[in-house]
Amino acid sequence: MVTVRIWDLPTRLFHWLLAACVIALVITGQLGGDAMVWHFRLGFTVLTLLLFRLLWGFVGGHWSRWAQLVLWPGQALAYLQGRSVRVWVGHNPLGSWSVLLMLAVLLLQVSTGLVSDDEIASAGPLTSLVSGNTVTLATAWHKGPGKWVLLALVLTHLGAIVWYKLRKAQPLVAAMLHGDKAVPDGVPASRDNMLQRAWGLVLLLLCVAGVRWLVQLGG
């Protein structure tokens, strides 16, 4: 076994920033009132991070790319049944599906937030661009099922981390902190040099500009 860089710095920063923002979003959403100012700011931040991750999945480090996700249903079933003996370097089949589901739910949640209106004091910046019926449906999802689905996914994610640590002795948190994992010899490493990180910063700034432009569409 050798130590190899699996998660590049942009991927790790995305992960922890997203986790912090989601926690803060839940808190500010529950507080309401003046906290909603920060709720919207955090929502814009999450949208920026999601756009970055979608693009980074095409140009990021080897193990951060979408091509490395294991999405064949048969492999996921074999993994769940304990029939898979393969050493999974990046995301295992279950983790791969979890990543897609989490990103999809978050994208839906922030998208509906952009066109939601509580009819009291807070309204998304793009509500004027859609119909009243769309605003009603988006608000109902954002404040109801969407919130609970997201919370369920977060709790499931945390539970999986604890399970892997206790039952399989896999320190998933540590790997996402320093980026390295002990893997069989010959496993390719993710590129994580200064040029790669600079490219990640440029991509992030482009996503910031894109979200800023989107938010301003509603006037």
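Look up a bit, the structure's there.
Throughout, a residue's number is its position along its own chain's written sequence, starting from 1. The predicted origin of the model limits local features to residues at a pLDDT of at least 70 and limits the giving and counting of side-chain atom pairs to 80 or more, whereas totals for whole chains, interfaces and linings rest on all residues. Side-chain metrics rest on all non-hydrogen atoms present in the structure, leaving aside hydrogens and water.

A. Structural context of the packing of helix α1 (residues 9-31) against helix α2 (residues 35-59). Angular values range over 0 to 180 degrees, each being the angle between N-to-C directions of two axes fitted as lines to C-alpha atoms, with helices fitted over their stretch in contact. Here a helix means four or more residues in a row that DSSP labels H or I, a strand means two or more in a row labelled E, and each is numbered from the N terminus. At a minimum axis distance of 9 Å, the contact between α1 and α2 shows a crossing angle of 155°. Of the possible angle classes, the one that applies to α1 and α2 is roughly antiparallel. Every pair of crossing elements has a handedness; the one defined by α1 and α2 is left-handed. In this count, Pro and Cys sit with the nonpolar residues alongside Ala, Val, Leu, Ile, Met, Phe, Trp and Tyr, while Asp, Glu, Lys and Arg are called charged and the others, Gly among them, polar. Here the residues of the contact of α1 with α2 sort into 17 nonpolar, six polar and one charged. Roughly parallel means an angle under 35 degrees; roughly antiparallel, over 145; roughly perpendicular, 65 to 115; everything else is oblique. For any pair of crossing helices, the crossing counts as left-handed if the nearer helix is rotated counterclockwise from the farther one by less than a right angle, and right-handed if it is rotated clockwise.

B. Quick peek at the side chain of T28. Residue placement: T28 occurs in helix α1. For T28, a relative accessible area of 10% corresponds to the buried category. In protein, a polar contact means a hydrogen-donor-capable atom and an acceptor-capable atom, both N or O and within 3.5 Å, with residues adjacent in sequence counting only if both atoms are side-chain atoms; elsewhere, any N or O pair within 3.5 Å suffices. There is a polar contact of 2.9 Å between the side chain of T28 and the backbone oxygen of A24. Of note is the side chain of T28, whose polar atom sits 3.0 Å from the side chain of H39. If we ignore the near neighbours within four places in the chain, the residues touching T28 are A35, M36, W38, H39 and L42. Relative accessibility decides the category of a residue: with a 1.4 Å probe and only protein chains considered, values under 20% of the type maximum give buried, values over 50% give exposed, and everything between is partly exposed. Throughout, a contact is declared for two residues whenever any of their heavy atoms are within 4.5 Å.

C. Layout of a nonpolar patch on the surface. A surface patch of nonpolar side chains, amounting to about 390 Å² of accessible area, comprises L129, V130, W213 and L217. Exposure remark for L217: the relative accessible area of 41% places this residue in the partly exposed category. Only residues whose relative accessible area exceeds 30% and that form no salt bridge are eligible for patches; like-charged ones are grouped when within 9 Å, while nonpolar side chains (Val, Leu, Ile, Met, Phe, Trp, Tyr) are grouped when within 5 Å. Only the protein chains shown count as cover for residues, and all accessible areas are computed by the Shrake-Rupley method using a 1.4 Å probe. Here, a salt bridge means any Lys or Arg side-chain nitrogen found within 4 Å of an Asp or Glu carboxyl oxygen.

D. Looking closely at the pattern of salt bridges. Applying the stated rule across the entire model yields four salt bridges. For D192, the salt bridge identified is with R12, shortest N-O distance 3.2 Å. With D192 in the loop between β2 (180-183) and α8 (194-216) and R12 in helix α1, this pair connects stretches of sequence that are 180 residues apart. The class of R12 is buried, set by a relative accessible area of 7%. Put simply, R5, R12, D180, D192 and R197 are held in one network by salt bridges that share partners.

E. Molecular detail of the packing of helix α4 (residues 93-114) against helix α5 (residues 132-143). Orientation of α4 relative to α5, taken along the N-to-C sense of each, is 135°, at an axis distance of 8 Å. Taken together, the axes of α4 and α5 are oblique relative to one another. Like other packed secondary-structure pairs, α4 and α5 cross with a definite hand, here left-handed. Two secondary-structure elements touch here, α4 through L108, Q109, T112 and G113 and α5 through A138, W141 and H142. Residue classes in the contact of α4 with α5 are distributed as three nonpolar, four polar and no charged.

F. Looking closely at the side chain of N92. As for its position among the elements, N92 is in the loop between α3 (73-80) and α4. Owing to a relative accessible area of 12%, N92 belongs among the buried residues under this scheme. Side-chain polar atoms of N92 contact the side chain of Y79, separated by 3.1 Å. Only 2.6 Å separates the side chain of N92 from the backbone nitrogen of G95, close enough to count as a polar contact. Contacts of N92, omitting those with residues within four sequence positions, involve Y79 and Y164.

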